[in-house]
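# Topology and contacts: notes
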Amino acid sequence: MKITLLKALGVGVAIGMSAASSVSAAECIAPANPGGGWDFTCRQIGKILYDIGQVDQPVQVTNMAGAGGGLAFSTVVAERSKDPELIVAASSATTTRLAQKAYGDATADQVRFVGAIGADPGVIVVAADSPFQTLADLVEAIKADPSSVAFAGGSAAGGFDHMKPLQVLKAGGFDDITAVKYIGVDGGADAITQTVGGFTQAMTGDMSEIVGFLQSGEVRALAVLTEERVPGFDDIPTAKEQGYDVVAVNWRGLYVPGGISDEDFQKWADRLQAVADSDEWQQAMADNGLAPFTKVGADFQNWINDVVAQTEELSREIGVIQ
């Protein structure tokens, strides 16, 4: 009842206006408390949508923390499934949790993923004095002796950081991924400390976590897991150009209710593309350490379908899900 009332209040100002001449007030749900990635996504995208004239009223931001995004997801599916003016902040954590059944019986196809327009690129790094000079050196060492290399990452076992090297190894023809050693620690800085200290041989994380360590010369990045090299870090090769067809980024984007029309889905795709193309968004990315990563509309939905399937497969292989 409360959610229905809020929705009514949010769109009430549009009463008496024709749909053709006005866009009713949109709402963005951030599935977390204020602060952090999902809140940033709603507030920045919502502000720019209004600033560049893609919506004619400020976007309402609603924080709905709970179950690591699960409360917002279940609310959208159960109560807002046909709301054409609702968008929800999402990231790689969203699809990982869906693939691993962290939201109970919820599945990714209950909503529609409309796009991502920025990302924190995934990376694989080693200590500056590591004998591994290339990603291939690391992969071949693991193929020869899986026990010889341990990865440290800032997520728990089965989390997104754990998945990154497993995807690379699978792409390199190594299938015994349960033999890969991974140590989950409390954040990227701790993972780098483990690697620099020699307790692990490699670190898996995000670009934003390693910048300071790169600049100080403590680590060397073997690969960035993006489609193209990251501006400002052009000396770091992608995994793809080294022969490992893997893109793993902590993307910032949106999903919309699963029951909206194709026309309304495309409307949000077009709006999000307009944000991605704006000078305002370029500045927001620069200010917040995000790299370009734009996939919008059907292209993004198809990519998400593949990501969820791959994550589910890997999660089963390592025993995270049955």
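Every value quoted in this text rests on a predicted model; they were computed, and no experiment measured them.

### Some words on the overall build of the chain
- A count of helical and extended segments in the chain gives 11 helices and 10 strands.
- Here the chain has a C-alpha radius of gyration of 21 Å; the compact-globule value for 322 residues is 20 Å, and the two agree.
- Dimensions of the chain, computed from the C-alpha atoms along their principal axes, are close to 70 × 45 × 30 Å.
- Counting all 322 residues of the chain, 52% fall into the buried class.
- Split by element, the accessible area of the chain, about 13700 Å² in all, is 51% carbon and sulfur.

### Regarding the state of the cysteines
- The full count for this structure, using the stated rule, is one disulfide.
- Covalently, Cys-28 is tied to Cys-42 through a disulfide, its sulfur atoms 2.0 Å apart. Its S-S torsion of about -75° marks the bond between Cys-28 and Cys-42 as left-handed, since a negative value means left-handed. Taken together, the residues Cys-28 in strand 1 (residues 27-30) and Cys-42 in helix 2 (residues 37-51) connect sequence positions 14 residues apart. As far as the burial class goes, Cys-28 and Cys-42 line up, both buried.

### Regarding the packing of aromatic side chains
- Following the criterion strictly, the structure yields eight aromatic pairs and no others.
- Aromatic pair Trp-251 and Phe-300: ring centres 5.2 Å apart, planes at 85°, arrangement edge-to-face. Of this pair, Trp-251 sits in strand 9 (residues 249-257) while Phe-300 sits in helix 11 (residues 298-317); the two residues are 49 residues apart in sequence, bridging distant segments of the chain.
- Judged by relative accessible area, Trp-251 falls into the buried class, the value being 1%.

### Some details on the pairing of strand 2 (residues 60-63)
- In this structure, strand 1 lies alongside strand 2, joined through four bridges in parallel fashion. Looking at the pairing, Glu-27 lines up with Gln-60 of strand 2.
- Considered for its hand, the β-α-β crossover made up of strand 1, helix 2 and strand 2 is right-handed.

### Digging into the confidence of the model for the chain
- Scored by pLDDT, the chain comes out at a mean of 91, with 93% of its residues at no less than 70.
- Taken together, the stretch residues 1-23 has pLDDT below 50 and engages in 17 contacts with residues farther than four places along the chain or on a different chain.

### Digging into the packing of helix 6 (residues 160-171) against helix 11
- For the pair helix 6 and helix 11, the least separation of the axes is 11 Å and the interaxial angle reads 95°. Taken together, the axis directions place helix 6 and helix 11 in an arrangement best described as roughly perpendicular. Across the interface between the two elements, Met-163, Leu-166, Gln-167 and Lys-170 from helix 6 touch Gln-310, Thr-311, Glu-313, Leu-314, Ser-315 and Glu-317 from helix 11.

### Things to note about the packing of helix 4 (residues 92-99) against helix 11
- It is the contact of helix 4 with helix 11, at a shortest axis distance of 8 Å, that shows an interaxial angle of 50°. With respect to their mutual orientation, helix 4 and helix 11 come out oblique. Crossing geometry of helix 4 relative to helix 11 is assigned as right-handed. Judged by residue contacts, Thr-95, Thr-96 and Ala-99 of helix 4 engage Ile-304, Val-307, Val-308, Thr-311 and Glu-312 from helix 11.

### Looking at the domain arrangement of the chain
- Taken as a whole, the chain is organised into domain 1 (27-119 + 250-318) and domain 2 (121-242).
- Put simply, the middle of domain 1 and the middle of domain 2, counted by C-alpha atoms, are 27 Å apart.
- Every contact between the two is made by 15 residues of domain 1 and, on the other side, 15 residues of domain 2.
- Carbon and sulfur atoms make up 67% of the area that domain 1 and domain 2 hide from each other, which totals about 1200 Å².

### Observations concerning the nonpolar core
- If you look at the biggest cluster of nonpolar residues, it comprises 57 residues, and the most contacted ones within it are Phe-113, Trp-251, Tyr-255 and Trp-281.
- In this structure, Leu-138, Phe-151, Leu-166 and Tyr-244 belong to the second largest nonpolar core, which totals 28 residues.

Criteria and cut-off values
- Residues numbered from 1 in each chain as written.
- Predicted model: local features only at pLDDT ≥ 70, side-chain atom pairs only at ≥ 80, totals over all residues.
- Heavy atoms only, no water.
- Helix = DSSP H or I, 4+ residues; strand = E, 2+ residues; numbered from the N terminus.
- Rg over C-alpha atoms; globule rule 2.2 N^0.38 Å.
- Buried < 20%, exposed > 50% of the residue type's maximum accessible area, 1.4 Å probe, protein only.
- Areas by Shrake-Rupley, 256 points an atom, 1.4 Å probe, with all protein chains shown as cover.
- Disulfide = S-S within 2.5 Å.
- Phe/Tyr/Trp six-rings, centres within 6.5 Å; stacked < 30°, edge-to-face > 60°.
- Pairing = 2+ DSSP bridges.
- Right-handed = clockwise from strand over helix to strand, strands pointing away.
- pLDDT = per-residue confidence, 0-100.
- Contact = heavy atoms within 4.5 Å.
- Axes fitted to C-alpha atoms, helices over the stretch in contact; angles between N-to-C directions.
- Parallel < 35°, antiparallel > 145°, perpendicular 65-115°, else oblique.
- Left-handed = near helix turned anticlockwise from the far one by under 90°.
- Domains from an automatic or database assignment.
- Buried area = accessible area lost by both parts, 1.4 Å probe.
- Core = buried A, V, L, I, M, F, W, Y, C linked by side-chain atoms within 4.5 Å.

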